[in-house]
Amino acid sequence: MSTTTGTRGLLEVHGVHKSYGTLEVLHDVDLTVQPGEVTVILGPSGSGKSTLLRVVNHLEKVDRGFVALDGDLIGYSRSGDTLRELKEKAVLAQRTQIGFVFQSFNLFPHLTVLENVVEAPVSAQGRKRSEVEVEARELLARVGLADKADARPRQLSGGQQQRVAIARALATKPRLLLFDEPTSALDPELVGEVLDVIKALAHDGTTLVVVTHEIGFAREVADTVVFMDSGRIVEQGPAAQVIDDPQHPRTKAFLDKVL
Ligand code: ADP
Ligand code: MG
């Protein structure tokens with residue numbers, strides 16, 4: 001199902017509710033991301049940040065509300081099941097336009113670095129392997145791993161694996177890139193090399209939504225900072241405003257703890 005929202009954001013999340021059983025995980029969430037913008041989502045553990053990203057990527061269905069990518073609207077309601085087949089096609093189409101980088105890298109362990117990057121464009125997008133390989137090598141160079149193309153993931157450090165995961169996410173040429181705590185699983189000395197790659201993407205105008213606890217990164221790179229608590233967006237605005245002059249007591253309490 002596809003229609004037009006009449007709004008200008010690349011990503012529009014509108015009125016989204018999501019529950020697991022009786023646990024309400026997202027409550028009336030609205031989020032707009034403009035093309036080329038970097039949005040950082042902050043919030044305590046369990047506040048719904050990962051669920052929000054999973055909803056954006058259609059890994060989870062919403063109970064109410066909708067997610068739209070560049071005006072292509074995909075929404076669900078409990079009464080809307082008759083449109084499911086059409087929606088599933090739209091979901092698949094939309095998902096290929098969104099890249100996702102996880103905390104735990106999730107590389108294919110049996111494939112080489114190059115094969116990891118080449119996999120999705122060839123198998124999901126049906127593109128020519130020889131062509132994709134050229135691009136994949138360029139992407140590996142972009143994340144500083146040109147010399148690791150033939151290595152296996154287990155031969156790489158966590159920071160290197162995460163940079164491969166970023167190259168892999170870029171390989172399908174997504175319009176939007178989602179990061180879920182991309183540096184949380186890394187040893188402290190490896191965090192910087194991954195943040196530097198994300199900063200370079202931001203600088204190049206890639207549209208990013210990043211869940212992170214790295215406040216310094218948020219202050220430096222984010223256009224918009226969103227603070228979530230208990231399934232709600234309690235505050236959002238320019239990074240400097242939300243981080244240095246938070247208005248909501250929950251935001252203040254959270255930042256006092258992490259800063
Ligand atoms: P965050 O990423 O901010 O830590 P999550 O979105 O992972 O938060 O989780 C929000 C809440 O939803 C938590 O209470 C979590 O336990 C719960 N939750 C997440 N996924 C599931 C699931 N598949 N089934 C049941 N509860 C879930
Ligand atoms: Mg999470």
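Residues numbered from 1 in each chain as written. Chains lettered and ligands numbered in written order. Predicted model: local features only at pLDDT ≥ 70, side-chain atom pairs only at ≥ 80, totals over all residues. Heavy atoms only, no water.

- Naming follows an unreviewed UniProt entry, where the protein appears as ABC-type polar-amino-acid transporter of Sanguibacter biliveldensis.
- The UniProt entry for the protein carries this comment under Sequence similarities (unreviewed entry): "Belongs to the ABC transporter superfamily."
- The UniProt entry for the protein carries the following comment under Catalytic activity (unreviewed entry): "a polar amino acid(out) + ATP + H2O = a polar amino acid(in) + ADP + phosphate + H(+)". (UniProt positions renumbered as here; feature names shortened; annotations may be inferred.)

## Thoughts on the nonpolar core
Move 1: Ranked by size, the top nonpolar core spans 51 residues in total, and within it Val-40, Ile-166, Phe-179, Leu-208 and Val-225 carry the most contacts.
Move 2: In terms of residue count, helix 6 (residues 188-203) provides more of this core than any other element does, 8 residues in total.
Move 3: Leu-10, Leu-26, Val-29 and Ile-41 belong to the second largest nonpolar core, which has 24 residues in total. (Core = buried A, V, L, I, M, F, W, Y, C linked by side-chain atoms within 4.5 Å. Buried < 20%, exposed > 50% of the residue type's maximum accessible area, 1.4 Å probe, protein only. Helix = DSSP H or I, 4+ residues; strand = E, 2+ residues; numbered from the N terminus.)

## With respect to the sheet that holds strand 3 (residues 38-42)
Move 1: On the basis of which strands lie adjacent, the open sheet formed by 6 strands has the order 6-7-8-3-9-10 and mixed pairing. Whereas interior strands pair on both sides, the edge strands pair on one side only; in this sheet they are strand 6 (98-101) and strand 10 (232-238). The average angle at which neighbouring strand axes cross in this sheet is 15°, direction not considered.
Move 2: Pairing between strand 6 and strand 7 (residues 176-180): 4 bridges, direction parallel. Each residue of the ladder has a partner; that of Ile-98, found in strand 7, is Leu-176.
Move 3: Seen against the sheet, helix 1 (residues 49-56) touches strand 3, strand 6, strand 7, strand 8 (208-211) and strand 9 (224-229) and runs at an angle of roughly 155° to strand 7.
Move 4: Running at roughly 100° to strand 9, helix 9 (residues 249-258) makes contact with strand 3, strand 9 and strand 10 of the sheet. (Pairing = 2+ DSSP bridges. Axes fitted to C-alpha atoms, helices over the stretch in contact; angles between N-to-C directions. Contact = heavy atoms within 4.5 Å.)

## Regarding the pairing of strand 2 (residues 23-33)
Move 1: One ladder, built from 7 bridges, connects strand 1 (residues 11-20) with strand 2; its direction is antiparallel. Looking at strand 2, one finds that Tyr-20 is bridged to Leu-23.
Move 2: Counted between consecutive antiparallel strands, the loop separating strand 1 from strand 2 contains 2 residues, among which Gly-21 sits at a positive phi close to 60°.

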